[in-house]
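A look at the structure
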Amino acid sequence: MEQAIFTTLCMIYDNQNQILVQERIGTAWDGIAFPGGHVEQGESFVESVIREVFEETGYQIKNLILCGVKQFQTKDGVRYVIFLYKTNQFTGNLHSSSEGNVFWIKRQHIQDYVLATDMKEMLELFENDKLSEFYRLKDGSYKIL
């Protein structure tokens, strides 16, 4: 039987073409990314991303749109699945956490930052309704479908 790890990421955006990013440092996935994290046992994917975003940013989010899925096999042969969500509906007071500093940037400036692995490619899933899956192959190449 195949084992799997489930995680989430959420792109939070506003009506001024800004996106909320998180600068991850000292992790296996350093660089600019979106908030998110592991799905806990018994937790739905939506509940997980809502909880993770709140813990990492202080924002309560709602009306999430599922943008796609990223998946790959770990070195241990475990399937790692990341559910990608986005929303422009949030309330609360922004604060960073031990996961990394969070801050708003203009969407067009994201390339000015050091991005976490595959973030540039995953942005296609967040922003293109015709795409739904990012699959990294064992040889390091990937497919966006």
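Coordinates for the structure precede this section.
What counts, and at which threshold
Residues numbered from 1 in each chain as written. Predicted model: local features only at pLDDT ≥ 70, side-chain atom pairs only at ≥ 80, totals over all residues. Heavy atoms only, no water. Pairing = 2+ DSSP bridges. Helix = DSSP H or I, 4+ residues; strand = E, 2+ residues; numbered from the N terminus. Axes fitted to C-alpha atoms, helices over the stretch in contact; angles between N-to-C directions. Contact = heavy atoms within 4.5 Å. Phe/Tyr/Trp six-rings, centres within 6.5 Å; stacked < 30°, edge-to-face > 60°. Buried < 20%, exposed > 50% of the residue type's maximum accessible area, 1.4 Å probe, protein only. Core = buried A, V, L, I, M, F, W, Y, C linked by side-chain atoms within 4.5 Å.

So, on to the sheet that holds strand β11 (residues 142–144). Across the sheet, which stays open at both edges, the 6 strands sit in the order β4-β1-β7-β6-β10-β11 with mixed pairing between neighbours. The open sheet is flanked by β4 (36–38) and β11, the only strands paired with a single partner. Across the sheet, the mean angle from the axis of one strand to that of its neighbour is 15°, orientation sign disregarded. Of the pairings in the sheet, the one linking strand β10 (residues 133–136) to β11 comprises 3 bridges and is antiparallel in character. By the bridge assignment for β11, F134 is matched with I144. The sheet strands contacting helix α1 (residues 45–57) are β1 (4–12), β4 and β7 (79–87), and the helix crosses β1 at an angle near 60°.

As a further point, take the packing of aromatic side chains. Across all of its chains, the model carries 10 aromatic pairs by this definition. Taken together, a centroid distance of 4.0 Å and an interplanar angle of 25° make the contact between F45 and F83 stacked. One end of the pair, F45, is in helix α1; the other, F83, is in strand β7, and 38 residues separate them in sequence. Look at F45 and you get partly exposed, because its relative accessible area is 29%. Here the aromatic residues F6, F45 and F83 are joined through ring pairs into a cluster of three or more.

Turning our attention to the nonpolar core. Counting residues in hydrophobic clusters, the biggest one holds 23 residues, and the most contacted among them are L9, V21, F34, L84, M119 and F126. Those elements giving two or more residues to this core turn out to be β1, β2 (18–24), β3 (31–33), β7, β9 (101–106) and α2 (119–127). A total of 5 residues in this core trace back to one element, the largest contributor, which is α2. Excluding residues that lie within four positions of it along the chain, L84 makes contacts with L9, I65, L66, C67, G68, V69, K70, M122, L125 and F126. Formed by 12 residues, the second largest nonpolar core is a distinct cluster that contains L20, V53, L64 and V81.

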